[in-house]
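Reading the structure
Here is what each chain is made of, one letter per residue.
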Amino acid sequence: MMNAARFSSKAASAAAPLAAYTVYTLADYNNTYAKEVDVKAVKQSIVDVIDSNAEKREDGTSLTGTFVRLAWHASGTYAKADNSGGSNGGRMRFDPEASFGANAGLGVARAALESIKEKYPEISYADLYCLSGVAAIENAGGPEIPFQLGREDAVDGSTSPPDGRLPDADKGGRDKTVAHVREIFYRMGFDDREIVALLGAHALGRCHTDRSGYWGPWTFAENTMSNEYFRLLVEERWSPKVSHNGKPWTGPDQYEDATGKLMMLPSDIALIQDPEFKKYVELYAKDQDVFFKDFAKAFSKLLALGVAPVVGAKPWYQFW
């Protein structure tokens, strides 16, 4: 998901070459690895963790958005030019990736999945991190996400991509922020429509001041996947946040609605300031079915980035 802030220093490391992993065919996946993993059971266990954790919180929040962010950030380091980064490897378990500023707070999600990894040791961490986002979205009422097993786990963080590949929420101005968003997503192979669809995941979860510096949820139903994020973007009046709980706001620049209870990041507002992005925002605000269809395809594509391709086969996200 959109990185709400990057407060840590940049940590550079070598990119992960495709040769560092075994290349399997689709037959290999289906005949060996995939048969060992009961995906339906693993997904249910993920939902159970979300539910039990939400009961303990008793504040209306949950791990739903955090699991989506985990899957997103595990995959969103991909660079199409050299096939480095991406979801293969499960490298966020190790430094330097675990300490990237963009991944602040995701240790909570990784720790919450440990009991599932113990229960189903046959699934790789790389697959589990991605599947947690899939299960969270579907459980929140979102579309079914095409998903394929087969990611391998790296043994350490030596093949992690360099820091700085995940999107920032603000680059100091509208034009710079819009250009940054395109640069990040174009690097992975997405177009404008896919970019807007993927950012619709902001319907889930919230920002935390102790992680990103930003505060608040994007919608009043942060555990429900819908097109509400887009509707709010075009229908509400968004003003710079200047106060919080009766005191001056000292965090990074963000926007709030008239109630002061909802927020938007500068990168969210940029979607309605750029004409090409805005036409898709308006489309999704009017038609949730179109949004769900586009999101499912784009999110599946995101999760498959960096995974060894099957020669002669369609990409995983085109299997449906």
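Residues numbered from 1 in each chain as written. Predicted model: local features only at pLDDT ≥ 70, side-chain atom pairs only at ≥ 80, totals over all residues. Heavy atoms only, no water.

1. Details of the packing of aromatic side chains
- Scanning the entire structure with this criterion turns up ten aromatic pairs.
- Consider the rings of Tyr125 and Tyr129, whose centres lie 5.9 Å apart with planes at 55°: the pair is tilted. Taken together, the residues span about one helical turn, with Tyr125 and Tyr129 both in helix H6 (residues 125-139) at a distance of four residues.
- For Tyr125, a relative accessible area of 15% corresponds to the buried category.
- Among the residues examined, Tyr129 registers a relative accessible area of 2% and is labelled buried.
- Here Phe230 and Phe291 contribute two aromatic rings whose centre-to-centre distance is 5.0 Å and whose plane-to-plane angle is 80°, an arrangement assigned as edge-to-face. (Phe/Tyr/Trp six-rings, centres within 6.5 Å; stacked < 30°, edge-to-face > 60°. Helix = DSSP H or I, 4+ residues; strand = E, 2+ residues; numbered from the N terminus. Buried < 20%, exposed > 50% of the residue type's maximum accessible area, 1.4 Å probe, protein only.)

2. Quick notes on helix H8 (residues 192-199)
- For H8, the tally of buried residues reaches seven of eight residues, placing the bulk of the element in the interior.
- Inspection of H8 places Asp192, Glu194, Ile195, Val196, Ala197, Leu198 and Leu199 among the buried residues, and these make up the whole buried set.
- Residues of H8 that are buried in the fold lie against helix H3 (64-75), helix H7 (174-188), helix H9 (228-235), helix H10 (266-273), helix H11 (275-286) and helix H12 (288-303).
- Measuring from the backbone nitrogen of Arg193 back to the side-chain oxygen at the start of H8 gives 3.2 Å, which picks out Asp191 as the cap. (Contact = heavy atoms within 4.5 Å. Polar contact = N/O pair within 3.5 Å; in protein donor to acceptor, adjacent residues only side chain to side chain.)

3. Observations concerning the environment of Asp163
- Residue placement: Asp163 occurs in the loop between H6 and H7.
- Once the C-alpha coordinates of Asp163 and Ser99 are considered, the two residues, 64 residues apart in sequence, prove to be 9.4 Å apart.

4. A short note on the environment of Ile46
- Tracing the backbone through its elements, the reader meets Ile46 in helix H2 (residues 39-57).
- Residues Ile46 and Ala112, spaced 66 residues apart in sequence, show a C-alpha to C-alpha distance of 9.0 Å.
- In contact with Ile46, other than residues within four places in its own chain, are Phe67, Leu113, Ile116, Leu128, Leu131, Ser132 and Ala135.

5. As for the side chain of Thr61
- Tracing the chain through its elements places Thr61 in the loop between H2 and H3.
- We classify Thr61 as buried; its relative accessible area is 11%.
- Within polar-contact distance, the side chain of Thr61 engages the side chain of Arg57 at 3.1 Å.
- Within the structure, the side chain of Thr61 is placed 2.6 Å from the side chain of Asp59, a separation counted as a polar contact.

The quantities given are spatial measurements derived from coordinates; they are silent on function.
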